[in-house]
Amino acid sequence: LVEAIYNKAQLKLEYDSSFTRNAAEAFEARAGNCLSLVVMTAAFARELGLHVRFQSAYLEEAWSRSGDLLLRAGHVNVTLGPKLQDRASPLSRSMTIDFLPGEQLRSLRTREISEQTVIAMYMNNRAVEALMRGKLDDAYAWASASLRQSPDFLSALNTLGIVYARRGHFEHAATAYQHVI
């Protein structure tokens, strides 16, 4: 699996941050952002019976602007471990799969996160993408779903605050922002 992911002659995966794909879309396009590619890799690994752990990775903060939205990019990666029955073997080891260029990986710090948080991140990405397209109902649905998945995921609460503010529900927006603070 690891060889197929990194070998351009096999899966031919490309990094593409234009939008957040689900696992099937990332596989079909052979492209995705780090979250899309991590979700796809985890799906492959689970199908093979491998142990999967997710990490939030910390780099120098990267900010961008889209219209009147200020966006902060995060990063995730995935560590694959041996099948349960193979863990006792001295040859078994875990491998972290990351889609960043090698030079950026040297100073990477990670923190393990739950699958629920990864799902919440995916849903929040979709909410932000809907906001960028002016689709407030879709953004609300994705941000709300993200918070149902992981109620403590502050990025989704911030996104929900933006949706409320854009709808003119300033008291709800202020409440969301207060929770974030």
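Scroll up to find the structure this text is about.
Description of the structure in this document. Predicted model only: the values in this text are computed from it and were never measured.

## So, the sheet that holds strand β5 (residues 95-97)
Stage number 1. Taken in spatial order, the four strands of this open sheet run β5-β4-β3-β6, and their pairing is antiparallel. The sheet is open, and its two edges are formed by β5 and β6 (109-113), each paired on a single side. The average angle at which neighbouring strand axes cross in this sheet is 35 degrees, direction not considered.
Stage number 2. Of the strand pairs in this sheet, strand β4 (residues 69-81) and β5 are connected by three bridges, and their pairing is antiparallel. Bridge pairing in β5 links L80 to M95.
Stage number 3. Sheet strands in contact with helix α3 (residues 34-47) are β3 (51-66), β4 and β5, and its direction is about 20 degrees off that of β4.

## Some words on the side chain of T159
Stage number 1. In this fold, T159 is placed in helix α7 (residues 154-166).
Stage number 2. Beyond its immediate sequence surroundings of up to four residues, T159 is in contact with N124, A127, V128, L131 and A143.

## Points about the nonpolar core
Stage number 1. In this structure, L13, V52, F54, V76, V78, I97 and F99 are the most contacted members of the largest nonpolar core, which totals 37 residues.
Stage number 2. Sorting the residues of this core by element identifies α1 (2-6), α3, β3, β4, α5 (115-132), α6 (136-149), α7 and α8 (170-180) as the ones contributing at least two each.
Stage number 3. No other element matches α3, which puts seven residues into this core.
Stage number 4. The residues touching F99, leaving out its near neighbours within four places in the chain, are I5, L13, Y15, L37, V38 and T41.
Stage number 5. In terms of nonpolar packing, the next biggest core, distinct from the first, is built from eight residues, L71, V128, A130 and A139 among them.

## Some points on the pattern of salt bridges
Stage number 1. Taken as a whole and judged by the stated rule, the model has six salt bridges.
Stage number 2. Put simply, R21 and D16 hold a salt bridge, and the shortest N to O gap is 3.1 Å.
Stage number 3. Given a relative accessible area of 10%, R21 falls into the buried group.
Stage number 4. For D16, a relative accessible area of 23% translates into the label partly exposed.

## Structural notes on the packing of α6 against α7
Stage number 1. One way to put it is that α6 packs onto α7 with a least axis distance of 9 Å and a crossing angle of 150 degrees. Comparing their axes, α7 and α6 come out roughly antiparallel. Two packed elements cross with a definite hand, and for α6 against α7 that hand is left-handed. The residues of α7 that touch α6, namely those facing L136, A139, Y140, A143, S144, S146 and L147, are A156, L157, T159, L160, V163, Y164 and R166.
Stage number 2. Its residues placed into classes, the contact of α6 with α7 shows ten nonpolar, three polar and one charged.

## Considerations on the environment of V78
Stage number 1. When you line up the elements, V78 lands in strand β4.
Stage number 2. Sequence spacing of V78 and N158 is 80 residues, and the spatial spacing of their C-alpha atoms is 25 Å.
Stage number 3. Each residue touching V78, except ones within four places of it in the same chain, is listed here: V38, T41, V52, R53, F54, Q55, M95, T96 and I97.

## Observations concerning the pairing of β3
Stage number 1. Of the strand pairs in this sheet, β3 and β4 are connected by twelve bridges, and their pairing is antiparallel. Looking at the pairing, S66 lines up with L69 of β4.
Stage number 2. The antiparallel pairing of β3 with β4 creates a hairpin that spans two residues between the two strands, and G67 there sits at a positive phi of about 60 degrees.

## Side note on α7
Since one α-helical turn is 3.6 residues long, residues separated by three or four positions face the same way.
Stage number 1. For α7, which comprises 13 residues, the first-to-last C-alpha distance of 18 Å matches the rise-based estimate of 18 Å (1.5 Å per residue) to within 8%.
Stage number 2. Among all positions in α7, only A156, L157, T159, L160, G161, V163 and Y164 are buried.
Stage number 3. Contacts made by the buried residues of α7 are with α5, α6 and α8.
Stage number 4. Of the residues trailing α7, G168 is marked for its positive phi of about 85 degrees.

Cut-offs used in this document
- Residues numbered from 1 in each chain as written.
- Predicted model: local features only at pLDDT ≥ 70, side-chain atom pairs only at ≥ 80, totals over all residues.
- Heavy atoms only, no water.
- Pairing = 2+ DSSP bridges.
- Helix = DSSP H or I, 4+ residues; strand = E, 2+ residues; numbered from the N terminus.
- Axes fitted to C-alpha atoms, helices over the stretch in contact; angles between N-to-C directions.
- Contact = heavy atoms within 4.5 Å.
- Core = buried A, V, L, I, M, F, W, Y, C linked by side-chain atoms within 4.5 Å.
- Buried < 20%, exposed > 50% of the residue type's maximum accessible area, 1.4 Å probe, protein only.
- Salt bridge = Lys/Arg side-chain N within 4 Å of Asp/Glu carboxyl O.
- Parallel < 35°, antiparallel > 145°, perpendicular 65-115°, else oblique.
- Left-handed = near helix turned anticlockwise from the far one by under 90°.
- Nonpolar A, V, L, I, M, F, W, Y, C, P; charged D, E, K, R; others polar.
- Expected span 1.5 Å × (residues − 1).

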